[in-house]
There are 2 protein chains.
Amino acid sequence: MEFEYDGPSMKTEVPGPRSKELTKQLGEIQNVGAINFFCNYEESRGNYLVDVDGNRMLDVYTQISSIPIGYNHPSLIKVMSNPNNMSAFVNRPALGIMPPENFPEKLAESLLSVAPSGMSRVQTMACGSCSNENAYKAMFIWYRVKHLLFQSNIFLNPGCPDFSILSFMGGFHGRTMGCLATTHSKAIHKLDVPSFDWPIAPFPKLKYPLEEFTRENAQEEARCLEEVEDLIVQWRQKGRPVAGIVIEPIQAEGGDNHATPDFFKKLRNIAHKHGSAFHVDEVQTGGGATGKFWAHEHWGMDDPADIVSFSKKMLTGGFYHKDELQAYRIFNTWMGDPSKNLFLAEVLNVIRRENLLEEVTRSGKTLLQGLYQLQDQYPNLLSSARGQGTFCAIDIRDDATRNSILLKARDKGVLLGGCGDRSIRFRPALVFKEYHVHMFLNVFSDVLAEHN
Amino acid sequence: MEFEYDGPSMKTEVPGPRSKELTKQLGEIQNVGAINFFCNYEESRGNYLVDVDGNRMLDVYTQISSIPIGYNHPSLIKVMSNPNNMSAFVNRPALGIMPPENFPEKLAESLLSVAPSGMSRVQTMACGSCSNENAYKAMFIWYRVKHLLFQSNIFLNPGCPDFSILSFMGGFHGRTMGCLATTHSKAIHKLDVPSFDWPIAPFPKLKYPLEEFTRENAQEEARCLEEVEDLIVQWRQKGRPVAGIVIEPIQAEGGDNHATPDFFKKLRNIAHKHGSAFHVDEVQTGGGATGKFWAHEHWGMDDPADIVSFSKKMLTGGFYHKDELQAYRIFNTWMGDPSKNLFLAEVLNVIRRENLLEEVTRSGKTLLQGLYQLQDQYPNLLSSARGQGTFCAIDIRDDATRNSILLKARDKGVLLGGCGDRSIRFRPALVFKEYHVHMFLNVFSDVLAEHN
């Protein structure tokens, strides 16, 4: 990666004066409550994000986990400079009625080439929320058709039925109104917005490392699974049958909460048993960061899901689904953006050519090992280091300390993100190599020493 | 427009053999129930869409009204070829936390330069549905804050309240779950999907031309407005107060239903009186096709709306809003796509440089005049010609005849779309000139002669 910088370089505090000026400017136009700083994307390279004050940071957050192979990757620049691709950017089609000639071919090259096990169909969408909204609709439509066949007496009246989606405490699936009814990572997300009466199951609260607490964890998972079945029965009795179950393989916004493959296998079986669709939301976990392309591949199942949604690192939103969940009524004007498929096809080429899943596995091991060591060193400060690939997290003593660590790390040129009540999540790009891990661990270690 | 073709040119039936082959291919991946044909966007120019079988059609539908200045406009190609713009395409940021340096400037150049009266704030979103979903959320949050001040007794419990959005029969606002609860253009859109108990008011069914039926139309509008007030009171009594009213200036998907400026003024006053926000959905009407940049400008009001949403021809989704409707909690990962703002800024330059709003007004007059003449000529076939600018429509005797006319016109090289039960809608790009109108009218006239 000769095009990358050789380390962080900090010139000002962050946000610096130029960022502050621009934030004030933008504040005249939009709410800027969440703005961190402004970026110079032209100068950013690989794992390094450069801000408008000339600060260069090692990026272990990557735009909320949505930059797959680093900034300004030369292969992506090439996609842009190829005159054959021009028209995909300039003429955005209504994909559902008049797709471009190369659309099937580009879908095959990009999304289908990494389709999850058992799935050969995919629908693109413009963003993660739309992906989940439409996946829910596909499950509702599928559920009615399926159950109409067997229980025609209670489904005779066409219209808007009281079907429900079962979701989990701590889950995050987006913020549009259907998605929001299944999002429970922070109360503030849902405040003031009408919602549906849908069941919410507990997500297992496990002890880490998982392999040291197998017995307790198995008990906790059994408790949650029992509750899931109870809720499905309750909601059926209420007249709001559970058409689908939605879950993240690792609850990301909610605090990087893991569960074991055994939990997911049993949950999948419960969905089968009760005739509900099983929707795995890979918006944040998908795209390679766990060391497999899809996090749910770690479960080792042949038939892991009925629907798998994605966005972020995939550059386009959308969802894969089984044949039986296709629906003519999943439709909108754009249905995605074919220019994003061009980039994704090239990202996948880079992942294969540079063996990035192996790279992630290697970097991830080093990262988790380093986190374990720091946790041993600072037992009052750190706990529950956990992760798959580079998709790692660690808990900090309390919220205030966590936030202080995030800011101090940034001052030293390392960009991190929080999640849950008091976790730090690590979300580097797939090009984050072992030497980047060491660079990060050195800075992190210094910051922790200041907080002990 | 030297870069354009000089007329339609048909080589095969549509869809031709290559389109059929590709549809079969895509059918292995997606539902293709809505596919018309596949396009060669590289060869498409200006008002002419070229398909993969070499058929060149005059496009009066423009990807469901979403191509502002025709295909492959040289100015948009230039945006792509400018190396300074490269990084906006290659590094998609999380706009809500780390925007690019030129983001405020590009917003000012693009969206703010055409902001509706009374609005200086704008939030971008990835598509039309997300724009409306988030506009609804902004209204809910605003409503609670506003009413908390005055009626704190009934709003003490934070959580998900039973607020509602009042919408209109025949309205279309998107297909995600919040939007879908306000969409009533076709029953099939809503089938099988859970919805909210929100009030739905009648939209005036007017007689055209409006100026010939002022008395009847005024009565019909008064009836609808009365019903709106009744519903607002009823829903308040139900404990589901109306936080916002959403309406299109011209109901597009629902059949190009118009109402008079007087209706909208009175509706706006009702919103004021009852403390509900007023949301004008300009997703299809916005961007210049009515001869003004926003269709609601035809109402001639200083304070027409609290929220105006857009997408399609604007190339980016989003919504303008008054200061008091800003909300920190309107957030997602991408919050739009800054590369689309670059294209929009250039589209607006072209609109100004080429006086396209005047062009649209001129072409629209010729188009409507032509439709009136055809309607006089074929009174048993055509009725209710109507329109603003080139945003025109006409009713056909019945659904089957409408669909036959659409296909026959396509065979002769003119691409049209239907809307409502039996209307044809005209949605050319802003570069549709008077000679294109004449070309269209000639073909249309031939097709009508075959159906008389």
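Bear in mind the structure is a predicted one, so any value in this text is a computation, not a measurement.

A. Expanded view of the overall build of chain A. Helices and strands together make up the secondary structure of chain A, namely 14 helices and 14 strands. On C-alpha atoms alone, chain A measures out to a radius of gyration of 22 Å, which is about the 22 Å that the 2.2 N^0.38 rule sets for 452 residues. Viewed in the frame of its principal axes, chain A has a C-alpha envelope of about 70 × 55 × 45 Å. By residue count, 66% of the 452 residues in chain A fall in the buried class. Put simply, of all contacts in chain A between residues at least 6 apart along the chain, 72% involve residues at least 24 apart. Just so you have it, chain A exposes about 15600 Å², and 48% of that area is on carbon and sulfur atoms. Charge-centre separation for chain A: the mean point of 47 positive side chains lies 3 Å from the mean point of 53 negative side chains.

B. Main features of the packing of aromatic side chains. Evaluation of the coordinates by the stated rule reveals 44 aromatic pairs over all chains. Plain terms: the ring middles of Phe168 of chain A and Phe263 of chain A are 6.5 Å apart, the flat faces sit at 70 degrees to each other, and that makes the pair edge-to-face. Taken together, the residues span a long stretch of sequence, with Phe168 of chain A in strand β4 (residues 164-168) and Phe263 of chain A in helix α10 (residues 261-274) at a distance of 95 residues. The exposure class assigned to Phe168 of chain A is buried, which follows from its relative accessible area of 1%. A ring pair is formed by Phe263 of chain B and Phe264 of chain B, whose centres lie 5.4 Å apart and whose planes are at 80 degrees; its orientation type is edge-to-face. There is no split in this pair, since Phe263 of chain B and Phe264 of chain B are both buried. Of the aromatic side chains, those joined through ring pairs into one cluster are Phe140, Trp142, Tyr143, Phe163, Phe196 and Trp198 of chain A together with Phe140, Trp142, Tyr143, Phe163, Phe196 and Trp198 of chain B. The ring of Tyr208 of chain A has Arg386 of chain A lying over it, and the distance from NZ or CZ to the ring centre is 5.2 Å.

C. Up close: unusual backbone geometry. All names here are of chain A. Pro15 follows Val14 through a cis peptide bond whose omega is -5 degrees. Among the structural elements, Pro15 can be located in the segment before α1 (17-27). Here the bond from Tyr208 into Pro209 is cis, since omega is -5 degrees, no more than 30 degrees from zero. The topology assignment puts Pro209 in the loop between β5 (200-201) and α9 (214-237).

D. Inspection of the side chain of Gln63 of chain A at higher detail. Structurally, the position occupied by Gln63 of chain A is in helix α2 (residues 62-65). Side chain to side chain, Gln63 of chain A and Tyr71 of chain A meet in a polar contact 3.0 Å long. If we ignore the near neighbours within four places in the chain, the residues touching Gln63 of chain A are Tyr41, Leu49 and Tyr71 of chain A together with Arg92, Pro93, Ala94, Met98 and Thr333 of chain B.

E. View of the sheet that holds strand β16 (residues 423-426) of chain B. All names here are of chain B. An order of β12-β13-β16-β15 is seen for the four strands of this open sheet, with the pairing classed as antiparallel. The sheet terminates laterally at β12 (382-388) and β15 (417-419), the two strands that pair on one side only. Going across the sheet, the axis of each strand differs from the next one's by a mean of 30 degrees, ignoring polarity. Note that β15 and β16 share three bridges and pair antiparallel. Along β16, the bridge assignment pairs Cys419 with Ser423.

F. How the structure looks around the interface of chain A and chain B. Each partner contributes to the interface: chain A provides 98 residues, whereas chain B provides 98 residues. Counting the surface lost from both chain A and chain B, the interface buries some 9400 Å², and carbon and sulfur atoms represent 62% of this. Three residues, Ile29, Met98 and Asp192 of chain A, lead the burial of chain A against chain B; their summed loss comes to 8% of the area buried on that side. Inspection of the region where chain A meets chain B yields eight salt bridges. The biggest single contributor to the side of chain A that touches chain B is helix α6 (residues 128-150) of chain A, with six residues. Here the side of chain A that touches chain B is composed, by residue class, of 57 nonpolar, 25 polar and 16 charged.

G. Summary view of the relation of the copies chain A and chain B. Of the transformation superimposing chain A on chain B, the axial component is 0.0 Å and the angular component is 180 degrees, with the fit at an RMSD of 0.0 Å. Seen this way, the second copy is the image of the first under a two-fold rotation axis. By residue overlap, the copies meet face to face through one surface: 100% of the interface positions of chain A are interface positions in chain B.

H. Spotlight on the sheet that holds strand β2 (residues 56-59) of chain B. Residues and elements named next belong to chain B. The mixed open sheet is built from three strands, whose spatial order is β1-β2-β14. Edge positions in the sheet fall to β1 (48-50) and β14 (414-415), since each of these pairs with one other strand and no more. The pairing of β1 with β2 spans three bridges and is classified as antiparallel. The residue of β2 that forms the bridge with Val50 is Arg56. Contacting β1, β2 and β14, helix α14 (residues 434-451) crosses the sheet at an angle of about 110 degrees to β2.

I. Spotlight on helix α12 (residues 356-377) of chain B. All names here are of chain B. The end-to-end C-alpha distance of α12 is 31 Å, a good match for the 32 Å that 22 residues give at a rise of 1.5 Å each. Listing the buried residues of α12 in full gives Leu356, Glu359, Val360, Ser363, Gly364, Thr366, Leu367, Leu368, Gly370, Leu371, Leu374 and Gln375. Tucked inside the fold, the buried residues of α12 contact α11 (338-353), β12, β13 (391-396), β16 and α14.

J. Examining the environment of Gly254 of chain B more closely. Structurally, Gly254 of chain B can be placed in the loop between β7 (250-251) and β8 (257-258). When the C-alpha atoms of Gly254 of chain B and Ala393 of chain B are compared, they prove to be 12 Å apart, with 139 residues separating the residues in sequence.

K. Local environment of helix α3 (residues 74-81) of chain A. Every buried residue belonging to α3 of chain A is among Ser75, Leu76, Val79 and Met80 of chain A, and all of these are buried. One side of α3 of chain A carries all its buried residues, which in axial view fall inside an arc of 150 degrees. Next to the buried residues of α3 of chain A lie α4 (86-90) and α11 (338-353) of chain A together with α3 (74-81) and α4 (86-90) of chain B.

L. Representation of the confidence of the model for chain A in the model. Residues of chain A with pLDDT of at least 70 account for 97%, and the chain-wide mean is 95. Interface predicted TM-score (ipTM) for the complex: 0.95; the corresponding pTM is 0.96.

M. Inspection of the nonpolar core at higher detail. The biggest cluster of nonpolar side chains holds 226 residues, and the ones touching the most others in it are Phe168 and Tyr320 of chain A together with Phe168 and Tyr320 of chain B. The next biggest cluster of nonpolar side chains, apart from the first, holds 31 residues, and it includes Leu367, Ala385, Phe426 and Phe440 of chain A.

N. Quick peek at the pairing of β4 of chain A. Residues and elements named next belong to chain A. By the criterion of burial, β4 is predominantly enclosed, with five of the five residues buried. Both faces of β4 are covered, namely the face carrying Ser164, Leu166 and Phe168 and the face carrying Ile165 and Ser167. As paired strands, β4 and strand β6 (residues 242-247) are joined by three bridges and run parallel to one another. By the bridge assignment, Ile165 is partnered in β6 with Gly244. The pairing of β4 with β5 spans two bridges and is classified as parallel. Residue Ser167 lies in a different strand from β5, and its bridge partner there is Ile200.

O. Molecular detail of the packing of α12 of chain B against α14 of chain B. Residues and elements named next belong to chain B. Where α12 contacts α14, the axes come no closer than 9 Å and their chain directions differ by 20 degrees. Here α12 is positioned roughly parallel relative to α14, judged by the angle of their axes. Crossing angle aside, the handedness with which α12 passes α14 is right-handed. Residues Arg362, Ser363, Thr366, Leu367, Gly370, Leu371 and Leu374 of α12 pack against Glu434, Val437, His438, Phe440, Leu441, Phe444, Ser445 and Leu448 of α14.

P. Up close: the pattern of salt bridges. The final tally for this structure, using the stated rule, is 52 salt bridges over all chains. A salt bridge links Asp256 of chain B to Arg427 of chain B; the shortest N-O distance between them is 2.5 Å. Here Asp256 of chain B, found in the loop between β7 and β8, pairs with Arg427 of chain B, found in the loop between β16 and α14; they are 171 residues apart in sequence, far enough to count as distant. In this structure, Asp256 of chain B and Arg427 of chain B share a single accessibility class: buried. The shortest N-O distance in the salt bridge between Asp303 of chain B and Arg268 of chain B comes to 3.2 Å. Residue Asp303 of chain B is located in the loop between β9 (277-281) and β10 (307-310), and its partner Arg268 of chain B is located in helix α10 (residues 261-274); the two are separated by 35 residues in the primary sequence. By relative accessible area, which is 1% here, Arg268 of chain B ends up buried. Through salt bridges with shared partners, a single ionic network connects Asp162, Asp197, Lys238 and Arg240 of chain A.

Parameters and conventions
Residues numbered from 1 in each chain as written. Chains lettered and ligands numbered in written order. Predicted model: local features only at pLDDT ≥ 70, side-chain atom pairs only at ≥ 80, totals over all residues. Heavy atoms only, no water. Helix = DSSP H or I, 4+ residues; strand = E, 2+ residues; numbered from the N terminus. Rg over C-alpha atoms; globule rule 2.2 N^0.38 Å. Buried < 20%, exposed > 50% of the residue type's maximum accessible area, 1.4 Å probe, protein only. Contact = heavy atoms within 4.5 Å. Areas by Shrake-Rupley, 256 points an atom, 1.4 Å probe, with all protein chains shown as cover. Lys, Arg positive; Asp, Glu negative; His and termini not counted. Charge placed at Lys NZ, Arg CZ, Asp CG, Glu CD. Phe/Tyr/Trp six-rings, centres within 6.5 Å; stacked < 30°, edge-to-face > 60°. Lys NZ or Arg CZ within 6 Å of the ring centre and 35° of its normal. Polar contact = N/O pair within 3.5 Å; in protein donor to acceptor, adjacent residues only side chain to side chain. Pairing = 2+ DSSP bridges. Axes fitted to C-alpha atoms, helices over the stretch in contact; angles between N-to-C directions. Buried area = accessible area lost by both parts, 1.4 Å probe. Salt bridge = Lys/Arg side-chain N within 4 Å of Asp/Glu carboxyl O. Nonpolar A, V, L, I, M, F, W, Y, C, P; charged D, E, K, R; others polar. Least-squares fit on C-alpha atoms with pLDDT ≥ 70 in both. Expected span 1.5 Å × (residues − 1). Arc of directions from axis to C-beta. pLDDT = per-residue confidence, 0-100. Core = buried A, V, L, I, M, F, W, Y, C linked by side-chain atoms within 4.5 Å. Parallel < 35°, antiparallel > 145°, perpendicular 65-115°, else oblique. Left-handed = near helix turned anticlockwise from the far one by under 90°.

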